[in-house]
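# Close look at the chain arrangement
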Amino acid sequence: MYRVFEALDELVTIVEEARGVPMTSGCVVPRGDVLELLDDVRDAIPAELDDAQDVLDHRDELVGKAQHELEATTSKARADAERIVAEAQHEAERMLSEARARAERMVAEAEDQAERTISAGRQEYEDLVGRAHSEADRMVQAGRANYERAIEEGRAEQARLVDQTEVVRAAHAESSRVLDAAQSEAIRLRSECDAYVDGKLADFEDLLAHTLRSVGKGRSHLRGPAVAAAAAPFDYHEPNVRS
């Protein structure tokens, strides 16, 4: 390209310095020099100009080809996008189904645990009540036996000491005291047993309420939005059964 501009400058110089033709605006230039410079210009023109001309000549063909390639690329990209979206939707549905199944399984396990806890609490309550009743009956029987033994002893003492009325009254008082003590002890034991059973039932009631809240949360998650069910796994903690 530098030679092109140099040859053009030389041509301008030749034309400017050429001898003019009288009465006209023309001039006389050395043909050989001009032709030599024009050959230099032609030889110095880069091949890219010819390539550019070829591009201009085949512009419509190239534009059509590029348009076709663009449409093919766009169609392929659209198909790929639809395929990716379908795969993502299928994966999301699969994950949602697994999350729903896992949540249902956890809810079923929580309900089963609650039923086992209630059954265990009922059994323990029945055992405690049974033992309390047995202990109360035993204490009542012991009190009655002590009372009857005291009565018998009092009667024997009364028979032996018919004339000693003070001794007889003391025997009656002692027998009454023993019976009252036995009945008081039986009442105390029954009260303690009832208080113990009531405390155990309160503990089981708290545990059952906690378990039912966990079950309620699991069902709420199942009824929630599908995306939230897949992104936030159901949080379940096994209840800590207090002894």
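Values in this document were obtained by computation on a predicted structure and should not be read as measured data. (Residues numbered from 1 in each chain as written. Predicted model: local features only at pLDDT ≥ 70, side-chain atom pairs only at ≥ 80, totals over all residues. Heavy atoms only, no water.)

Moving on, we get to the overall build of the protein. Scanning the protein from terminus to terminus reveals 6 helices and 2 strands. Among the 243 residues that make up the protein, the fraction classed as buried is 20%. For the protein, long-range pairs separated by at least 24 residues make up 71% of all intrachain contacts whose partners lie at least 6 apart in sequence. As displayed, the protein offers around 18,100 Å² of accessible surface, 55% of which is attributable to carbon and sulfur atoms. (Helix = DSSP H or I, 4+ residues; strand = E, 2+ residues; numbered from the N terminus. Buried < 20%, exposed > 50% of the residue type's maximum accessible area, 1.4 Å probe, protein only. Contact = heavy atoms within 4.5 Å. Areas by Shrake-Rupley, 256 points an atom, 1.4 Å probe, with all protein chains shown as cover.)

To continue, consider the environment of Glu 135. Summarising the element assignment, Glu 135 is placed in helix α4 (residues 59-160). Measuring from C-alpha to C-alpha, the distance between Glu 135 and Ala 186 comes to 8.3 Å, with 51 residues separating the pair along the chain.

Counting residues in hydrophobic clusters, the biggest one holds 8 residues: Val 4, Ala 7, Leu 11, Ile 14, Val 34, Leu 37, Val 41 and Ala 44. For this core, the secondary-structure elements that each account for two or more residues are α1 (2-17) and α2 (31-44). Judged by nonpolar contacts, the second largest core, of 5 residues, contains Leu 128, Val 129, Ala 132 and Val 197. (Core = buried A, V, L, I, M, F, W, Y, C linked by side-chain atoms within 4.5 Å.)

Let us now look at the environment of Glu 109. Mapped onto the elements, Glu 109 comes out in helix α4. Separated by 106 residues in sequence, Glu 109 and Val 215 have C-alpha atoms that sit 9.3 Å apart.

Further remarks concern α2. Taking 1.5 Å per residue as the helical rise, α2 with its 14 residues ought to reach 20 Å, and the 20 Å between its terminal C-alpha atoms agrees with that figure. Here α2 has its buried residues at Val 34, Leu 37, Val 41 and Ala 44. Seen along its axis, α2 keeps its buried residues to an arc of 95°; they face one direction. Facing away from the buried surface of α2 by more than 90 degrees, the exposed residues are Arg 31, Arg 42 and Asp 43. (Expected span 1.5 Å × (residues − 1). Arc of directions from axis to C-beta.)

Here we take up the confidence of the model for the protein. Here the protein shows a mean pLDDT of 77. Residues at 70 or above account for 82%. Summarising per-element confidence for the protein, the mean pLDDT is lowest in helix α6 (residues 226-231) (47) and highest in α4 (84). Segment residues 226-243: pLDDT under 50, and 24 contacts once partners within four positions in sequence are set aside and those in other chains are kept. (pLDDT = per-residue confidence, 0-100.)

Taken as a whole and judged by the stated rule, the model has 10 salt bridges. Between Lys 200 and Glu 124 there is a salt bridge, and its shortest N-O distance comes to 3.9 Å. Of this pair, Lys 200 sits in helix α5 (residues 165-223) while Glu 124 sits in helix α4, and the two are 76 residues apart along the sequence. A relative accessible area of 13% places Lys 200 in the buried class. Among the residues examined, Glu 124 registers a relative accessible area of 27% and is labelled partly exposed. Here Arg 138 ties to Glu 135 by a salt bridge, and the two come within 2.4 Å at their closest N and O atoms. Here Arg 138 and its partner Glu 135 are both found in helix α4, 3 residues apart, which amounts to about one turn of the helix. (Salt bridge = Lys/Arg side-chain N within 4 Å of Asp/Glu carboxyl O.)

By secondary structure assignment, the location of Gln 113 is in helix α4. By relative accessible area, which is 12% here, Gln 113 ends up buried. Side chain to side chain, Gln 113 and Arg 116 meet in a polar contact 2.3 Å long. (Polar contact = N/O pair within 3.5 Å; in protein donor to acceptor, adjacent residues only side chain to side chain.)

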